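Spelled out from the first residue to the last, the chains are:
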Amino acid sequence: MLQTFVHYGIHFIVPILVALIFFRKNWKMSAFIMLCAIVIDLDHVLANPIFDPTRCSINFHPLHSYYAIGVYFVLAIIKKTRLIGLGLLIHMLADWVDCLLM
């Protein structure tokens, strides 16, 4: 239960907090963009089984690979793609913490 709470807390609460703290003027749109990073979980449909609570997503699914995470860091540096990159990195953080708590 703690694992689920922490995992989804990072997925949904952290982007809103980041938006409120760092993107105060446009916090709602900023939070929405970062929350949309959940869409990268679509790569889970390539796995068999699609959901396995004992599997670490990091470096297992294509959009959760170390190469992809490197791209997400670059996206977070570029001003025009910063919110997307931050959302994706927060998503990777949530999945990494999930791996630690297994």
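For the structure, see preceding data.
Attention here is on the structure that accompanies the text.

Criteria and cut-off values
- Residues numbered from 1 in each chain as written.
- Predicted model: local features only at pLDDT ≥ 70, side-chain atom pairs only at ≥ 80, totals over all residues.
- Heavy atoms only, no water.
- Helix = DSSP H or I, 4+ residues; strand = E, 2+ residues; numbered from the N terminus.
- Rg over C-alpha atoms; globule rule 2.2 N^0.38 Å.
- Buried < 20%, exposed > 50% of the residue type's maximum accessible area, 1.4 Å probe, protein only.
- Contact = heavy atoms within 4.5 Å.
- Areas by Shrake-Rupley, 256 points an atom, 1.4 Å probe, with all protein chains shown as cover.
- Lys, Arg positive; Asp, Glu negative; His and termini not counted.
- Charge placed at Lys NZ, Arg CZ, Asp CG, Glu CD.
- Polar contact = N/O pair within 3.5 Å; in protein donor to acceptor, adjacent residues only side chain to side chain.
- Disulfide = S-S within 2.5 Å.
- Axes fitted to C-alpha atoms, helices over the stretch in contact; angles between N-to-C directions.
- Parallel < 35°, antiparallel > 145°, perpendicular 65-115°, else oblique.
- Left-handed = near helix turned anticlockwise from the far one by under 90°.
- Nonpolar A, V, L, I, M, F, W, Y, C, P; charged D, E, K, R; others polar.

Side note on the overall build of the chain
Across its full length, the chain holds four helices and zero strands. When the helices and strands of the chain are placed in sequence order, the string is α-α-α-α. In terms of overall dimensions, the chain is globule-like: its C-alpha atoms have a radius of gyration of 14 Å, near the 13 Å expected for 102 residues. When the 102 residues of the chain are sorted by exposure, 37% land in the buried category. A separation of at least 24 residues holds for 51% of the contacts in the chain among residues at least 6 apart in sequence. By element, 74% of the accessible surface of the chain is carried by carbon and sulfur atoms, the whole surface being about 6800 Å². Across the chain, the 7 positively charged side chains and the 5 negatively charged ones have centroids separated by 25 Å.

Examining the side chain of H91
Within the secondary structure, H91 is located in helix α4 (residues 82–101). Classification of H91 as buried rests on a relative accessible area of 2%. Of the polar contacts made by the side chain of H91, one reaches the side chain of H11; its length is 3.4 Å. Residue contacts for H91: discarding those within four places in its chain leaves H11, A37, I38, I40, D41 and H64.

What about the state of the cysteines?
For the structure on display, the rule yields one disulfide. The disulfide partner of C56 is C99, and the gap between their sulfur atoms is 1.8 Å. Residues C56 and C99 are joined by a disulfide whose S-S torsion is about 90°; by sign, that bridge is right-handed. Of this pair, C56 sits in the loop between α2 (27–35) and α3 (66–77) while C99 is found in helix α4, placing the two residues 43 residues apart along the sequence.

Quick word on the packing of α2 against α4
Following both chains from N to C, one finds α2 and α4 inclined at 50°, their axes separated by 7 Å at the closest point. Between α2 and α4, the interaxial angle falls into the category oblique. Where α2 crosses over α4, the handedness of that crossing is right-handed. Together, S30, I33 and M34 of α2 and L83, I84, L86, G87 and I90 of α4 make up the contact between the two elements. Here the contact of α2 with α4 is composed, by residue class, of six nonpolar, two polar and no charged.

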